[in-house]
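Secondary and tertiary structure notes
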2 protein chains.
Amino acid sequence: MYKDLSTEQLKNEKQAVQKKYDEYKAMGLKLDMSRGKPAPKQLDLTDDMLLHCLDGAHISENGVDCRNYGVLDGIYEAKRLFMPMLGVGRYEIIIGGNSSLCMMYDNIARAMLLGVLGGKKPWSKNEHVKFLCPAPGYDRHFAICESMGIEMITVPYKEDGPDMDMIEDLVSKDEEIKGIWCVPMYSNPTGITYSDEVVRRFANLSPKADDFRIFWDNAYCVHHLTDTPDHLLNILEECKKTGKENMVYIFTSTSKISFPGGGLAVLAASEANINFIKDQMGYQTIGYDKLNQLRHARFFRDFEGVQEHMKKHRAIIAPKFETVLNILDKEIAPLGIGSWHKPNGGYFIAFDGLEGTAKRTVELCKGAGVVLTGAGATFPYGKDPMDRNIRIAPTFPTVEELQKAMEIFCESAKLAALEVLEK
Amino acid sequence: MYKDLSTEQLKNEKQAVQKKYDEYKAMGLKLDMSRGKPAPKQLDLTDDMLLHCLDGAHISENGVDCRNYGVLDGIYEAKRLFMPMLGVGRYEIIIGGNSSLCMMYDNIARAMLLGVLGGKKPWSKNEHVKFLCPAPGYDRHFAICESMGIEMITVPYKEDGPDMDMIEDLVSKDEEIKGIWCVPMYSNPTGITYSDEVVRRFANLSPKADDFRIFWDNAYCVHHLTDTPDHLLNILEECKKTGKENMVYIFTSTSKISFPGGGLAVLAASEANINFIKDQMGYQTIGYDKLNQLRHARFFRDFEGVQEHMKKHRAIIAPKFETVLNILDKEIAPLGIGSWHKPNGGYFIAFDGLEGTAKRTVELCKGAGVVLTGAGATFPYGKDPMDRNIRIAPTFPTVEELQKAMEIFCESAKLAALEVLEK
């Protein structure tokens, strides 16, 4: 453990680590681990979708020519893929375009400009609008708020989800709080899944604002990595029990099932919310790409087809997660300079280093050719108050590249820790 | 001419027309001419795009895997299809998703929430926001304004475009006027194309608002119907001459080239505008569907390929326009109860009946099984001050259906005219 070393021992260790780091640096590697990008081999899994799924037949089950205008909320066979995935009914879902981020952005833009069901006025007609942001979280969620001038309040994580005491307290008092960002399953980046109790407490929130919404980004709901997957309670069902079913918007996509940027995005919510949103959406578009909906419906057939398909993804990426975790266990754990959660799914491992080391670690990695997500990116305004969280995205590189990149990461983390401990 | 008939003659004529109308009604037809929808035969023209264009190769010319994330503004080979179409350079264009309506909506939403280049604050931070709306125009343009509470000021059309005296006068005086809707070529629904002088006067506008934008929806720029197509001056080029190149956003799409809802949308503007918009767009999405961009680039190859393709569309739809015009010439022209422009392209014929007859004509058509766009839809707030404009969309029905539908239309227009003349 580094903390037990004498000044002299720290100095020697630092020299040794620096030497190793310099050797890696001299290799001139170039590896990008900045984003949760599927590897080309994962994309190959759905290549057939592009070739055969529309073989001369463009008519949906109920007779819609998917090449022409219409069907704002998506064709039924596409809905059917996602209804069991999210545990919702056919009138509780909209199949969107190629990006769930875009669906979330659009829902916030609509809330700001037009208002939400049950709200007295558009959010933007209030002097201040605030969002709760459990952190570390997804940088692009926070960026949406920042772009629109929505004030973000950081909520810390506990073992089984965000700090619900704090959330309950804040939303019950402050009418300016209009929403909260959640990645409830295999959370980006921590990898944890919200406990049943946490989900129930969400469903039971009593916000002061009558136009408050939970943005439930269930991006990784079928992205398991182990034989003991996590289980997430159905928030819409829980909200129905409390009579607050209009409080939640659920999002997911096939970006990491079929193609990132060439897949389907999905919004699920109460039937009343869906009808309200469809009315608003009708001003923006006549409908999303039904040909791509048809491709997906025919390729996967049903939700079982999706689940089977996800096993193929797992076979490709689980070894990558193991590679990262093995190196961290071997190189970092014995030194007491970092902690992480071993996720049962998702796309990330969140590394918490010593306080004040994250930025320096990312900088050192970059110096040796390994690009990571910027330190701080996982917090509102890009500011990690402890400067210790780093998001590791293991999916894109090959196992061999990853091995090398993680060796560099570990030496960088050690060096950054030693620099702090020296002081 | 109906206006020359005596009361007695009018009565007899009405009886005769009513009888004919009732005969059509008894046929129990069901025809929808409400929207500008391509016919299935037109969609067949691009079926091959869905089968062969991605045959095992998903890499763009410059090495992008189009199955994965990235390239916010679209791949270069897709841009290259549209650059000569709109007369803009590679840094003056963004390839979007499946809907130009959506791109227009998003640009207005961003202007409202975030502001435009050169603006001091977001549009929505003003107490009032106004748009000029040349009318008759596209109902979905007007609906966007209405949904966001943007006040619409109707501008009448002259022979060669909207009333420029009125537009110049209004924008120079009123800082609350932030934009204007234009369909400058084969205008929806009138079919006229703006003259060179009108385009130059647009490029020379001196709006009081420094965040004023011309929304130039060039939806029908390659949708010619005759051997003597109209020509539209390049507004961006003209704006560069006056130093006002940031004043215009140009839109188009392949909705009526490839697939409506499964095509590509395009935004063109000055490089400064494009860079500013890309920065804002980055909060909404990581990128649009590049696989569909690649499909289009490979199917059409280049702009010449698009132009050749449009000849095939013309071969299918030009006879439909002829059918409509022939019946109007034969049945309506001699009676002096309506006027229309014979368009050289586009998707519509705008019929101007006698004052106070449009709603009744549409109602009568519906009664006999022919659904038209609602009367008034072509005006802001759905209110045609003269109640005389009806948009005829001839593309979707077959020639045989259209013949029947137009016979019913003519009897309905006559009946409505006779009812007014009787009074």
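Here the structure is a predicted model, which is why all the values come from computation and not from measurement.

Along the backbone of chain A there are 14 helices and 13 strands. In terms of its C-alpha atoms, chain A occupies a principal-axis envelope of roughly 75 × 55 × 35 Å. Residues classed as buried in chain A amount to 62% of the 423 residues present. Taking contacts inside chain A between residues at least 6 apart in sequence as the whole, the part at least 24 apart equals 76%. For chain A, the exposed area adds up to about 15,800 Å²; of that, 50% sits on carbon and sulfur atoms. Between the averaged position of the 51 positive side-chain charges in chain A and that of its 59 negative side-chain charges there is a distance of 3 Å.

Moving on, we get to the environment of Val248 of chain A. Residues and elements named next belong to chain A. Among the structural elements, Val248 can be located in strand S8 (residues 248-253). Considering only alpha carbons, one finds Val248 and Ala143, 105 residues apart in sequence, at a separation of 20 Å. If near-sequence neighbours (up to four positions away) are discounted, Val248 is found in contact with Arg213, Ile214, Trp216, Ile235, Leu236, Cys239, Ala268, Ala269 and Asn273.

Our focus in this paragraph is empty space enclosed by the protein. Applying the stated criterion across every chain yields a total of 10 cavities of 30 Å³ or more. If you add up the space inside the largest cavity, you get close to 340 Å³. Taken together, 24 residues form the lining of the largest cavity, with Gly97 and Asn98 of chain A together with Gly97, Asn98 and Tyr288 of chain B sitting closest to its centre. Of all the elements in the fold, those that place two or more residues in the lining of the largest cavity are helix H5 (100-113) of chain A together with helix H5 (100-113) of chain B. In terms of lining residues, the second largest cavity is bounded by 21 residues, among which Ser100, Ser253, Ser255 and Lys256 of chain A together with Tyr69 of chain B are the most central. In terms of residue class, the lining of the second largest cavity is built from 8 nonpolar, 11 polar and 2 charged.

Expressed as a screw transformation, the operator carrying chain B onto chain A has a rotation angle of 180° and an axial translation of 0.0 Å, and the superposed copies differ by an RMSD of 0.0 Å. Each copy turns onto its partner about a two-fold axis. Of the C-alpha atoms belonging to chain B, the one lying closest to the rotation axis is found on Leu51 of chain B, 2.9 Å away.

Among soluble globular proteins, nonpolar side chains are generally buried collectively. With 218 residues, the main nonpolar core has Phe202, Trp216 and Phe409 of chain A together with Phe202, Trp216 and Phe409 of chain B as its most contacted residues. In this structure, Phe409 of chain B is in contact with Leu328, Phe351, Thr361, Cys365, Leu372, Ile390 and Ile392 of chain B, ignoring residues within four places of it in sequence. In this structure, Met148, Met152 and Ala269 of chain A together with Leu72 of chain B belong to the second largest nonpolar core, which totals 74 residues.

Here the focus is the packing of aromatic side chains. Inspection of the entire model under this criterion finds 32 aromatic pairs over all chains. An angle of 85° between the planes, with centres 6.4 Å apart, marks the rings of Tyr220 of chain B and Phe348 of chain B as edge-to-face. Of this pair, Tyr220 of chain B sits in the loop between strand S7 (213-217) and helix H9 (235-241) while Phe348 of chain B sits in the loop between strand S10 (338-340) and strand S11 (349-353), placing them 128 residues apart in sequence. Taken together, a centroid distance of 6.0 Å and an interplanar angle of 15° make the contact between Trp340 of chain B and Phe351 of chain B stacked. Here Phe351 of chain B lies in strand S11 and Trp340 of chain B lies in strand S10, a separation of 11 residues in the sequence. Looking at Lys37 of chain A, its charged tip hangs above the ring of Phe396 of chain A, at a distance of 5.1 Å from the centre. Against the face of Tyr347 of chain B rests Lys256 of chain B, its NZ or CZ located 5.2 Å from the ring centre.

This next bit is on the sheet that holds strand S3 (residues 130-135) of chain B. Residues and elements named next belong to chain B. Taken together, 8 strands build an open sheet; the order of strands is S2-S9-S8-S7-S6-S3-S4-S5 and the sheet is mixed. Edge positions in the sheet fall to strand S2 (93-95) and strand S5 (161-162), since each has one partner strand and no second. In terms of strand pairing, S7 meets strand S8 (residues 248-253) through 4 bridges, oriented parallel. Across the sheet, residue Ile214 finds its bridge partner in S8, namely Val248. Lying on the sheet, helix H4 (residues 76-86) is in contact with S2, S8 and strand S9 (265-268); it crosses S2 at an angle near 130°.

Definitions and limits used
- Residues numbered from 1 in each chain as written.
- Chains lettered and ligands numbered in written order.
- Predicted model: local features only at pLDDT ≥ 70, side-chain atom pairs only at ≥ 80, totals over all residues.
- Heavy atoms only, no water.
- Helix = DSSP H or I, 4+ residues; strand = E, 2+ residues; numbered from the N terminus.
- Buried < 20%, exposed > 50% of the residue type's maximum accessible area, 1.4 Å probe, protein only.
- Contact = heavy atoms within 4.5 Å.
- Areas by Shrake-Rupley, 256 points an atom, 1.4 Å probe, with all protein chains shown as cover.
- Lys, Arg positive; Asp, Glu negative; His and termini not counted.
- Charge placed at Lys NZ, Arg CZ, Asp CG, Glu CD.
- 1 Å grid on protein atoms, 1.4 Å probe; cavity = no way out; pocket = protein on both sides within 12 Å on 5 of 7 lines; lining within 4 Å.
- Points joined across faces, edges and corners; volume = space filled by probe spheres on them.
- Nonpolar A, V, L, I, M, F, W, Y, C, P; charged D, E, K, R; others polar.
- Least-squares fit on C-alpha atoms with pLDDT ≥ 70 in both.
- Core = buried A, V, L, I, M, F, W, Y, C linked by side-chain atoms within 4.5 Å.
- Phe/Tyr/Trp six-rings, centres within 6.5 Å; stacked < 30°, edge-to-face > 60°.
- Lys NZ or Arg CZ within 6 Å of the ring centre and 35° of its normal.
- Pairing = 2+ DSSP bridges.
- Axes fitted to C-alpha atoms, helices over the stretch in contact; angles between N-to-C directions.

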